[in-house]
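Letter by letter, the chains look like this.
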Amino acid sequence: MTGAKRNKKSMRWSRMHTPHCEDIKQWCKRRLPILDWAPQYSLKENLLPDTVSGIMLAVQQVTQGLAFAVLSSVHPVFGLYGSLFPPIIYAIFGMGRHVATGTSALTSLISANAVERLVPQSSRNLTTQSNSSVLGFSDFELQRIGVAAAVSFLGGVIQVAMFVLQLGSATLLLTEPVISAMTTGAATHVVTSQIKYLLGIKMPYISGPLGFFYIYAYVFENIKSVQLEALLLSLLSIAVLVLVKELNEQFKRKIKVVLPIDLVLIIAASFACYCTNMENTYGLEVVGHIPKGIPPPQVPPLNILSAVLTEAFGVALVGYVASLALAQGSAKKFKYSVDDNQEFLAHGLSNAIPSFFFCIPNAAALGRTAGLYSTGAKTQVACLISCIFVLIVIYTIGPLLYWLPMCVLASIIVVGLKGMLIQFRDLKKYWNVDKIDWGIWISTYIFTICFAANVGLLFGVVCTIAIVIGRFPRAKTLSMKAMKDMEFKVKTEMDDETLQQVKIISINNPLVFLNAKKFNSDLMNIIQKDSDSNQPLDDASKCEQNTLLNSLSNGNCNEEASPPCLHEKCSVILDCSGLTFFDYSGVSMLVEVYMDCKSRNVEVSLVNCTASLIKAMTYYGNLDLEKPLFFESISAALSNIHSSKNLSKLNDHSEV
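Residues numbered from 1 in each chain as written. Predicted model: local features only at pLDDT ≥ 70, side-chain atom pairs only at ≥ 80, totals over all residues. Heavy atoms only, no water.

Novice: Quick question: what am I supposed to make of the side chain of Q60 here?
Specialist: Position of Q60 among the secondary structure elements: in helix α4 (residues 43–71). Once residues lying within four places of it in the same chain are set aside, the contact partners of Q60 are G65, G367, R368 and G371. (Helix = DSSP H or I, 4+ residues; strand = E, 2+ residues; numbered from the N terminus. Contact = heavy atoms within 4.5 Å.)

Novice: Any chance you could explain helix α26 (residues 516–527) here in plain terms?
Specialist: For an α-helix the count is 3.6 residues per turn, leaving residues at separations of three or four pointing the same way. Between its terminal C-alpha atoms α26 stretches 17 Å, which fits the 16 Å expected from 12 residues at 1.5 Å a residue. Those residues of α26 lying buried are A516, F519, N520, D522, L523, M524, I526 and I527. (Expected span 1.5 Å × (residues − 1). Buried < 20%, exposed > 50% of the residue type's maximum accessible area, 1.4 Å probe, protein only.)

Novice: Is there a simple way to explain a nonpolar patch on the surface in this structure?
Specialist: A grouping of I55, I388, F389 and I392 is seen on the molecular surface, where their side chains present a nonpolar patch of about 330 Å² in accessible area. Along the chain, I392 falls in helix α18 (residues 381–397). Classification of I392 by relative accessible area gives partly exposed; the value is 42%. (Patch = residues over 30% accessible without salt bridge, like charges linked within 9 Å, V, L, I, M, F, W, Y side chains within 5 Å. Areas by Shrake-Rupley, 256 points an atom, 1.4 Å probe, with all protein chains shown as cover. Salt bridge = Lys/Arg side-chain N within 4 Å of Asp/Glu carboxyl O.)

Novice: Help me out: how do you make sense of the side chain of T184 in this one?
Specialist: Considering the arrangement of structural elements, one finds T184 in helix α9 (residues 176–193). The buried category is assigned to T184, whose relative accessible area is 0%. Other than its neighbours up to four places away in sequence, T184 contacts M420, L421, Q423, F424, W441 and Y445.

Novice: So what exactly am I meant to see when it comes to the pattern of salt bridges here?
Specialist: It is possible for side chains bearing opposite charge to pair when their charged atoms get close. Within this structure, the stated rule accounts for 11 salt bridges. Linking K429 and E176 is a salt bridge whose minimum nitrogen-to-oxygen distance equals 3.7 Å. On the criterion of sequence distance, the pair formed by K429 in helix α21 (residues 426–433) and E176 in helix α9 is long-range, its members being 253 residues apart. For K429, a relative accessible area of 22% corresponds to the partly exposed category. Taking the relative accessible area as the measure of exposure, E176 reaches 35% and is therefore partly exposed. Two residues, K245 and D262, come together in a salt bridge whose shortest N-O distance is 3.5 Å. Here the residue K245 occupies a position in helix α12 (residues 228–250), and D262 occupies one in helix α13 (residues 261–276), the gap between them amounting to 17 residues. Under the relative-accessibility criterion, D262 is labelled buried at 6%. Bridged by salt links that share partners, the residues E176, D426 and K429 form one connected network.

Novice: What is the right way to read empty space enclosed by the protein from this model?
Specialist: Taking a probe equal in size to a water molecule and rolling it over the atoms shows the remaining empty space. All told, the structure shown has one cavity of 30 Å³ or more when counted by the stated rule. What lines the largest cavity is I436, D437, I440, T464, I467, V468, R471, F513 and D583. Elements supplying a minimum of two residues to the lining of the largest cavity: α22 (435–450) and α23 (453–471). It is α23 that contributes the most residues to the lining of the largest cavity, four residues altogether. (1 Å grid on protein atoms, 1.4 Å probe; cavity = no way out; pocket = protein on both sides within 12 Å on 5 of 7 lines; lining within 4 Å. Points joined across faces, edges and corners; volume = space filled by probe spheres on them.)

Novice: When you look at the pairing of strand β6 (residues 602–607) in this model, what are you seeing that I'm missing?
Specialist: In the case of a regular strand, side chains alternate between the two sheet surfaces. By the criterion of burial, β6 is predominantly enclosed, with six of the six residues buried. Alternating positions in β6 separate into two faces, V602, V604 and L606 on one and E603, S605 and V607 on the other, with burial throughout. Bridging between strand β5 (residues 570–575) and β6 involves six bridges; their strand directions are parallel. Each bridged residue has a counterpart across the sheet, and for I573 the counterpart in β6 is S605. Bridge analysis of β6 against strand β7 (residues 630–631) gives two bridges, and the strand direction is parallel. Within the sheet, the bridge partner assigned to V607 lies in β7 and is F631. (Pairing = 2+ DSSP bridges.)

This is the structure we're talking about:
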């Protein structure tokens, strides 16, 4: 008898701990998003736009790969490898369907610090000039790419470790002003690093605290050594790039395929340099020899991992933050979701695995992602198609780029950063919405250009946390008496039928970046409450309330929830009397909630709003209100709902 009981217990235990096939399938889809969208891929609808986008993306990948490899202080061909392998890894593990991963200006600039520190230019003459090891590269070039690959490998390992520790939720500390300021400051650093190529000046590598200012001081001290030919070619290249890109943007709706000006400029400049022999005649610096093919995989030098730890952390954090912002932006634009933790895994593997193939650190790039938007890409298939064309370039066209002037590559980098640099325009909206966020933007930007991108990012996060901690103690909540009064007004002023269609919700906390997402999810849960909420609940569940929102539709937690309002028009009244302060993220979420409810045929009214909140929402959302949105009291909002309902009934009768 005892043995039978023991067998039953063991069978029950094995059932509890044996993973079901469905659970394994769901886990695989969650960790390999390609298994989720690839089976549903429509060749008829998506293949053509993805192919066109892939071809245009390949042009950007090749040009930016060459340019960002130079920015990373390694041979340009390694940028082509960095444009081939990371997009393949991200397409398998990433959730951003319109995110173009590859070489990045931000991560290249960070890894250049390690390369120049461990293998400085002065050591070129001290290394052997053997060209027989890997595709004819010298030992000096292999040492440099070894450092960059080590930074990429360790940065990827750090990102995977963050995925294991489930630190994706910590990204709520990264507010939009902090990310905007950090990326703008990093873009300013990148432009500054290209000054020597744009002007044709021979100058030593300068980095470290205040290195930004030392570079310009060196340029002004040696202004007479500016190479006129390089300067004129740089100005001409920048003018052509800006003009054609603006024309492409203006007429993108009228023309199906935009002009790949980056590729045209590279071909034209290389041909002109070859015909005029600018390298020898004018001393113009060119890209030089680019070997064919891909070298065999090789383990990054593990003995220098401790020496590149600082740069690896910078790559892991800065690259992830910039990439996640683009992934979330594309998800918001095209109505799908992105898992912050899964992005840690995707970018971690995209850095760690390609480091075995001589790749520099990578991340998503704003210009390439915007290019996928404009060319109508549907899925990551566009990125996979671009990899095919990058592979063709590596094996066929690459050696023909020997004569490409470095000043033209620098011009492509500078113009490609336009999207980041114009974020200066955000200062106006931050000033009008929340002046504290404006101050955070300015201070984060200053710290970034004075020190480094990772230092600026850390300062912005710490500054934001300190300000929120200082502001939260001033938060107020509505008293129970006020809730009962509002409930009483609803019952006396409205009939039962209308009462069932109105939800009165009180915002009881400040609305800032820390709770903006919680606010959205809580509000949507209240609005979309289905008929299951009418089932009997235990006492604990009945009295459970959200920490941010209190639904006042039914007065107390012992009554049944109001019926769902999915099939008939609903009205939601948000009482903002408890919203003592807000920031840019809070205003952004309020406007997003309003637009989302409007699309769901849910009428939203805001009552007891401060003048600053009304001004901020009106400015941010550019609200063209057909119906009143802001009311002085709940009574006024209810009267407006009641009159609107009577008017609609009158219209229905008149139609009959």
